[in-house]
Amino acid sequence: MYFLFCACLLVVSCQPKPDNSSKEAFEKNSKTVLANLEAWQNESLDYSQYAEDFVMKETGFGAPKDSLSLQEMKESDKALWKNYDFKMLTNPPVLLPGVNADTKEPDGSVRHYSEWEVTLPATDSTEAKSGVIKLYESFDFNEEGKIVYQQIYGDFTGLMMHLHSNDAMEDDMMEE
């Protein structure tokens, strides 16, 4: 009996330990994503979270090119913050692990679905106008924990049409 117990113990102890590296990377990268979303909403994004070779997939309708560099994203963010106010309504967002496109195995990437309220502030001649957009966003990371790839999907065209339309035009569309 003692021999059988020792043999079982030997077999169990020789089993390879599970590889938790992708889970650990996901947990670490999730903290970066949460900080990123909060900082973006507060117009104080820490771009040191991004790798120098970062690429953002351009998903907008009629986009002149398929991706943005880090510098181009900084310029785009600056323009968006100048013209709109953003508030994440899904708080906190549910972060989900992503997978490697080739292996279909978890790889430490992070994705989420969220809702944002976007407001076009009032001017001297117009009232403030808001709309809610549902988004899907994903972040891929390099070995140093820096964001190397980001993509975001949502009906930005519909949102912009809503924010920049006049009320008479909206009333006409509702009657049809």
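Residues numbered from 1 in each chain as written. Predicted model: local features only at pLDDT ≥ 70, side-chain atom pairs only at ≥ 80, totals over all residues. Heavy atoms only, no water.

Some details on the overall build of the protein
When helices and strands are tallied, the protein shows five helices and seven strands. N-terminal to C-terminal, the α/β element order of the protein is α-α-β-β-α-β-β-β-β-β-α-α. Relative to its 176 residues, the protein shows a buried fraction of 30%. Contacts in the protein between residues at least 24 apart in sequence constitute 56% of all its contacts with a sequence separation of at least 6. Of the roughly 12,000 Å² that the protein leaves accessible, carbon and sulfur atoms contribute 57%. (Helix = DSSP H or I, 4+ residues; strand = E, 2+ residues; numbered from the N terminus. Buried < 20%, exposed > 50% of the residue type's maximum accessible area, 1.4 Å probe, protein only. Contact = heavy atoms within 4.5 Å. Areas by Shrake-Rupley, 256 points an atom, 1.4 Å probe, with all protein chains shown as cover.)

Details of helix α3 (residues 70-83)
Here α3 contains 14 residues, and its C-alpha end-to-end distance of 20 Å stays within 8% of the 20 Å for a straight helix at 1.5 Å per residue. At its buried positions, α3 is contacted by α2 (21-41), β1 (50-57), β2 (67-69), β3 (85-88) and β7 (147-153). (Expected span 1.5 Å × (residues − 1).)

Focus on the pattern of salt bridges
The final tally for this structure, using the stated rule, is two salt bridges. Note that Glu115 is salt-bridged to Lys134, the shortest N-O span being 4.0 Å. Here Glu115, found in strand β5 (residues 106-120), pairs with Lys134, found in strand β6 (residues 129-141); they are 19 residues apart in sequence, far enough to count as distant. For Glu115, a relative accessible area of 29% puts it in the partly exposed group. (Salt bridge = Lys/Arg side-chain N within 4 Å of Asp/Glu carboxyl O.)

Examining unusual backbone geometry
Of note, the bond from Asn91 into Pro92 is cis; its omega dihedral lies within 30 degrees of zero at 0°. Among the secondary structure elements, Pro92 is positioned in the loop between β3 and β4 (94-99). Unusually for a residue other than glycine, Glu43 sits at a positive phi of about 60°. Looking at the secondary structure, you find Glu43 in the loop between α2 and β1. Residue class for Glu43 comes out partly exposed when judged on its relative accessible area of 36%. Unlike most non-glycine residues, Lys104 shows phi in positive territory, near 60°. Assignment of secondary structure puts Lys104 in the loop between β4 and β5.

Thoughts on the nonpolar core
The biggest cluster of nonpolar side chains holds 29 residues, and the ones touching the most others in it are Tyr50 and Trp116. Secondary structure elements with two or more residues in this core: α2, β1, α3, β3, β5, β6, β7 and α4 (156-164). Among the elements that line this core, the one with the most residues is α2, at five residues. Here Trp116 is in contact with Leu37, Trp40, Gln41, Phe86, Lys87, Met88, Leu89, Gly131, Val132, Ile133 and Leu135, once residues within four sequence places are set aside. (Core = buried A, V, L, I, M, F, W, Y, C linked by side-chain atoms within 4.5 Å.)

Details of the packing of aromatic side chains
As enumerated under the stated definition, the model contains eight aromatic pairs in all. Chaining the aromatic ring pairs together yields one cluster made of Trp40, Trp81, Tyr84, Phe86 and Trp116. (Phe/Tyr/Trp six-rings, centres within 6.5 Å; stacked < 30°, edge-to-face > 60°.)

Focus on the pairing of β5
In this sheet, β5 lies alongside β3 in antiparallel orientation, the contact comprising four bridges. By the bridge assignment for β5, Phe86 is matched with Val118. Relative to β5, β4 is paired through five bridges, and the arrangement is antiparallel. Bridge pairing links Leu95 to His112 in β5. (Pairing = 2+ DSSP bridges.)

In short, shape yes, function no, at least from these values alone.
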